[in-house]
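Architecture and fold: a report
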Amino acid sequence: MILIPDGPAGGATADPMVAHPYRVYRVHKETLDTFTLELAPVEPPAPFPFQPGQFNMLYLFGVGEVPISISGNPLEPRNLTHTTRLVGTVTRAMSGLRRDDLLGVRGPFGTGWPLAEATGRDVVLVAGGIGLAPLRPALYHLLSERQNYGKCVLLYGVRTPEDLLYRRELEKWRSSLDMDIYVTVDRSTGAWRGNVGVVTTLIPRAPFDPLNTIAFICGPEVMMRYTVLELFKRGVAESSMYVSLERNMKCATGFCGHCQFGPFFMCKDGPVFRYDRVKDWMSIREL
Ligand SMILES: Cc1cc2nc3c(=O)[nH]c(=O)nc-3n(C[C@H](O)[C@H](O)[C@H](O)COP(=O)(O)OP(=O)(O)OC[C@H]3O[C@@H](n4cnc5c(N)ncnc54)[C@H](O)[C@@H]3O)c2cc1C
Ligand code: FES
């Protein structure tokens with residue numbers, strides 16, 4: 001059962017099963033089927049610290065609860081940002097939310113991208129489709145502490161140009177010259193003059209030193225499997241690759257077992273895993 005307390009909003013709840021009320025502050029339609037919600041805590045406000053890569057459980061009253069990664073800036077933890085693709089019952093209801101509507105938030109949960117371990121190294125982020133959302137907080141962090149990292153490279157693949165997320169930000173980051181950004185589409189439409197092909201085709205010519213690189217990968221599981229193979233061909237060690245995995249969740253606190261993945265519970269041991277620790281389990285398709 002999900003409880004909505006009277007106490008202060010925020011992430012540092014004593015009881016992780018307690019959802020806090022948040023109000024929709026801004027809705028931004030990213031693509032035909034994807035939207036970003038900015039949420040502000042209902043009184044009294046409190047910061048919501050999180051690590052890039054972590055997720056929240058978002059509760060739509062009378063509909064259900066779903067895990068959604070935090071896609072906002074970790075340096076601005078007052079408002080919570082989530083980017084969601086409409087796939088079924090709860091995400092459809094979420095897509096109908098408007099400014100001032102309420103929803104419940106539990107979290108943050110799970111592991112984050114290993115940014116401390118990335119210090120001093122080239123950082124390659126490989127995103128497929130909605131997989132850019134869980135990586136965006138890591139991008140904000142890298143840009144805010146740019147001097148602590150080597151090359152920062154984003155390789156981003158989507159089905160068509162219309163599926164691109166965060167267009168304006170990508171342009172801004174690209175022109176800042178602090179980050180190498182390469183975008184590709186599976187299928188070109190309209191006035192697209194950029195790369196065409198799956199995201200792995202960008203890996204052979206991307207500018208990074210494989211021997212001093214850490215890679216963060218997020219997207220459909222098949223895309224992550226091929227990305228790992230291509231990075232490995234370039235010379236990146238499997239122990240330097242991290243993947244973010246998704247499974248059905250209920251409690252998000254390691255109790256119910258819904259998210260079990262081999263010996264792991266996705267909600268507390270993941271969603272971000274070092275690839276070599278999960279590769280045997282990822283190779284079992286039905287798991
Ligand atoms: C840790 C974690 C982080 C996540 N972060 C995000 C995020 O940032 N943004 C986001 O949009 N989604 C994210 N997801 C996926 C999101 O939780 C699901 O899309 C959501 O639970 C679907 O709920 P629903 O009620 O709308 O669909 P349901 O009614 O449960 O499912 C409807 C249909 O969609 C299929 N489906 C369910 N989940 C997915 C999926 N992930 N991909 C494709 N098809 C699916 C089902 O098999 C079913 O056929 C995350 C999942 C996890 C575990
Ligand atoms: S969702 Fe309950 S154990 Fe992970």
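Residues numbered from 1 in each chain as written. Chains lettered and ligands numbered in written order. Predicted model: local features only at pLDDT ≥ 70, side-chain atom pairs only at ≥ 80, totals over all residues. Heavy atoms only, no water.

On to unusual backbone geometry, then. The omega angle of the peptide bond from G107 to P108 is 0°, so this bond is cis rather than trans. Locating P108 in the fold gives a position in strand 6 (residues 102–109). The peptide bond linking G270 to P271 adopts the cis configuration, its omega dihedral lying at 10°. Here P271 is to be found in the loop between helix 5 (266–269) and strand 15 (272–274). Positive phi, close to 50°, is recorded for Y166, a residue that is not glycine. Its location among the elements puts Y166 in the loop between strand 8 (152–158) and helix 3 (167–175). Of note, A252 is a non-glycine position whose phi angle comes to about 70°, a positive value. Here A252 is to be found in the loop between strand 12 (241–244) and strand 13 (260–261). (Helix = DSSP H or I, 4+ residues; strand = E, 2+ residues; numbered from the N terminus.)

The next point concerns helix 4 (residues 221–234). Between the first and last C-alpha of helix 4 there are 20 Å, a value that for 14 residues agrees with the 20 Å anticipated at 1.5 Å per step. Those residues of helix 4 lying buried are M223, M224, R225, T227, V228, E230 and L231. Buried residues belonging to helix 4 abut strand 7 (122–128), strand 11 (213–218), strand 12 and helix 6 (275–282). At the exit of helix 4 stands G235, carrying a positive phi of roughly 110°. (Expected span 1.5 Å × (residues − 1). Buried < 20%, exposed > 50% of the residue type's maximum accessible area, 1.4 Å probe, protein only. Contact = heavy atoms within 4.5 Å.)

Before going further, it helps to examine the pairing of strand 11. Strand 11 sits mainly inside the fold: six of its six residues count as buried. On strand 11, burial covers both faces: T213, A215 and I217 on one face and I214, F216 and C218 on the other are all buried. Where strand 7 meets strand 11, six bridges bridge the pair, whose relative direction is parallel. Looking at strand 11, one finds that V126 is bridged to I217. In this sheet, strand 12 lies alongside strand 11 in parallel orientation, the contact comprising three bridges. Bridged to A215 within strand 12 is M241. What joins strand 11 to strand 12 is helix 4, and the crossover it makes is right-handed. (Pairing = 2+ DSSP bridges. Right-handed = clockwise from strand over helix to strand, strands pointing away.)

Function-wise, these values are silent; they only describe arrangement.
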